[in-house]
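Single-letter residue listing:
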Amino acid sequence: MAATIMDGKALAAKVKERVRQQAKSLPRRPGLAVILVGDDPASRVYVNGKKRDCAECGFYSEEYALPAQTSQAELMALVDSLNRRADIDGILCQLPLPKGLDEMAVLRAIHPSKDVDCFHPFNVGELMIGMQSFQPCTPAGVMELLSEYGIDPAGKHAVVVGRSHTVGKPQAVLLLQRNATVTICHSRTPDLAQVCREADILVSAAGRRGLITGDRVKEGAVVIDVAMNRDENGKLCGDVCFEAAAQRAAYITPVPGGVGPMTRAMLMVNTLTAARLHAAEDR
Ligand code: GUN
């Protein structure tokens with residue numbers, strides 16, 4: 001079987017165009033503040049992408065590029081000032097933060113109504129009980145891809161490889177909300193290969209190149225590769241051995257061009273949601 005390639009780039013463009021249209025009916029432009037601390041080159045690339053997405057969607061954006069030596073107090077004061085701004089709907093602090101800074105304290109300080117990453121414990125709690133205003137961008141992007149390709153998780157066995165707070169755990173929750181039977185695997189799972197082979201929907205977010213070999217993919221499965229690794233030549237790649245997996249899968253995401261663009265598009269969806277929440281509060 002030759003798999004259908006799930007085109008995240010094309011779907012992200014569609015989602016952003018929808019967001020741009022919907023934003024026009026708001027009383028003011030949605031505003032996103034992005035905080036970048038230190039000079040991690042990958043983070044710089046991500047932040048530039050987010051600013052470009054804002055421009056495409058007609059949003060206002062502000063960047064705060066702070067030196068790695070920034071103190072916790074300075075960072076908290078910045079978040080506090082952005083929380084109070086009426087023209088800023090979303091606040092995103094790019095992770096990871098340099099050593100010595102307390103990420104959780106920063107994430108907790110962002111007002112839940114401006115938490116467009118959906119990383120604040122309040123929003124994580126709402127997600128657990130299906131009451132969420134926001135969905136974390138990467139897992140939400142995966143769900144959007146499944147929907148676009150007509151894949152209904154209900155009754156399927158979904159296997160999520162990875163248990164991070166940002167991807168693995170919330171991905172499992174979103175799949176469960178859509179009535180999949182969900183297994184979460186991690187580094188201590190005894191027979192990962194066997195569990196993967198049982199997956200109708202296999203989402204890999206382990207960050208280990210070559211982890212998902214062709215023989216770990218069930219015939220006809222949907223294979224979603226969330227990881228962003230680099231190969232020996234510095235080229236972007238995921239966890240999945242793409243060519244081999246595509247021989248067995250019915251659907252598969254490429255890296256790049258699969259989940260990555262969807263993560264960014266869903267940030268725009270969340271910023272629009274935040275702007276709507278704030279506009280409703282103002283009425
Ligand atoms: N670093 C890598 N991905 C992300 C993300 O989705 N949000 C934030 N805040 N930092 C990241």
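Residues numbered from 1 in each chain as written. Predicted model: local features only at pLDDT ≥ 70, side-chain atom pairs only at ≥ 80, totals over all residues. Heavy atoms only, no water.

From N to C terminus, the protein chain includes 10 helices and 11 strands. In terms of overall size, the protein chain behaves like a compact globule, its C-alpha atoms giving a radius of gyration of 19 Å where 283 residues would be expected to give roughly 19 Å. Viewed in the frame of its principal axes, the protein chain has a C-alpha envelope of about 50 × 40 × 35 Å. The buried share among the 283 residues of the protein chain stands at 49%. (Helix = DSSP H or I, 4+ residues; strand = E, 2+ residues; numbered from the N terminus. Rg over C-alpha atoms; globule rule 2.2 N^0.38 Å. Buried < 20%, exposed > 50% of the residue type's maximum accessible area, 1.4 Å probe, protein only.)

It is worth spelling out the sheet that holds strand β2 (residues 31-37) at this point. Sheet strands associate in pairs through backbone hydrogen bonding, adopting either a parallel or an antiparallel arrangement. One open sheet accounts for 3 strands, arranged β3-β2-β4; its pairing is parallel. Each edge of the open sheet is held by one strand with a lone partner, namely β3 (60-66) and β4 (90-93). With strand direction ignored, the average angle separating the axes of adjacent strands in the sheet is 15 degrees. As paired strands, β2 and β3 are joined by 7 bridges and run parallel to one another. (Pairing = 2+ DSSP bridges. Axes fitted to C-alpha atoms, helices over the stretch in contact; angles between N-to-C directions.)

This part covers the site of the ligand. Close to the ligand lie L92, C93, Q94, L95, D117 and F119. Residue C93 places a main-chain N or O atom 2.8 Å away from a nitrogen atom belonging to the ligand. The separation between a nitrogen atom of the ligand and a polar main-chain atom of L95 is 2.8 Å. The fraction of the free accessible surface of the ligand (280 Å²) that becomes covered by protein chains is 74%. Of all the cavities here, the one that holds the ligand is the largest pocket. Here the shell around the ligand is composed, by residue class, of 4 nonpolar, 1 polar and 1 charged. (Near = heavy atom within 4 Å. Polar contact = N/O pair within 3.5 Å; in protein donor to acceptor, adjacent residues only side chain to side chain. Areas by Shrake-Rupley, 256 points an atom, 1.4 Å probe, with all protein chains shown as cover. 1 Å grid on protein atoms, 1.4 Å probe; cavity = no way out; pocket = protein on both sides within 12 Å on 5 of 7 lines; lining within 4 Å. Sits in = over half its atoms within 2 Å of the grid points. Nonpolar A, V, L, I, M, F, W, Y, C, P; charged D, E, K, R; others polar.)

Pairing is possible between side chains that carry opposite charge, provided their charged atoms lie close to one another. Taken as a whole and assessed by the stated rule, the structure comprises 15 salt bridges. The partner of E148 in a salt bridge is K14, with the nearest N and O atoms 2.7 Å apart. Of this pair, E148 sits in helix α6 (residues 137-148) while K14 sits in helix α1 (residues 8-23), and the two are 134 residues apart along the sequence. Note that K16 and E56 form a salt bridge whose closest N and O atoms lie 3.2 Å from each other. Of this pair, K16 sits in helix α1 while E56 sits in helix α2 (residues 41-57), placing them 40 residues apart in sequence. (Salt bridge = Lys/Arg side-chain N within 4 Å of Asp/Glu carboxyl O.)

Taken as a whole, the largest pocket encloses approximately 1,300 Å³ of empty space. Taken together, 43 residues make up the lining of the largest pocket; nearest its centre are Y46, Q94, T138, M228 and T263. Of all the secondary-structure elements, those providing two or more residues to the lining of the largest pocket are α2, β4, α6, β9 (229-230) and α10 (259-282). The greatest single-element share of the lining of the largest pocket, amounting to 7 residues, is contributed by α2. Computed from the structure, the second largest pocket encloses a volume of approximately 390 Å³. Surrounding the second largest pocket, 17 residues form its lining, F119, V124, S164, H165 and T166 being those nearest its centre. Counting only elements with at least two residues in the lining of the second largest pocket, the list comes to α4 (103-109), α5 (121-128) and α7 (168-177). The biggest single contributor to the lining of the second largest pocket is α5, with 4 residues. Each residue belonging to the lining of the second largest pocket can be placed in one class, and the counts come to 12 nonpolar, 3 polar and 2 charged. (Points joined across faces, edges and corners; volume = space filled by probe spheres on them.)

With parallel pairing, the 6 strands of this open sheet are ordered in space as β1-β11-β8-β7-β5-β6. The open sheet has two edge strands with one neighbour each: β1 (4-5) and β6 (181-185). The pairing of strand β5 (residues 157-161) with β6 spans 5 bridges and is parallel. Looking at the pairing, V161 lines up with C185 of β6.

A surface patch of nonpolar side chains, about 440 Å² in accessible area, is lined by V124, M128, I129 and M131. Inspection of the secondary structure puts M128 in helix α5. A relative accessible area of 57% places M128 in the exposed class. (Patch = residues over 30% accessible without salt bridge, like charges linked within 9 Å, V, L, I, M, F, W, Y side chains within 5 Å.)

Here we come to the packing of aromatic side chains. Applying the stated criterion across every chain yields a total of 1 aromatic pair. Relative to Y251, the ring of Y149 lies with its centre 6.1 Å away and its plane at 65 degrees, an arrangement referred to as edge-to-face. Separated by 102 residues along the polypeptide, Y149 in the loop between α6 and β5 and Y251 in strand β11 (residues 251-252) bring together distant segments of the chain. (Phe/Tyr/Trp six-rings, centres within 6.5 Å; stacked < 30°, edge-to-face > 60°.)

Burial of α7 is extensive: 7 of the 10 residues sit out of reach of the surface. Residues G168, P170, Q171, A172, V173, L174 and L175 constitute the buried set of α7. Looking at the buried residues of α7, the elements they touch are α5, α6, β5, β6 and β7 (201-204). (Contact = heavy atoms within 4.5 Å.)

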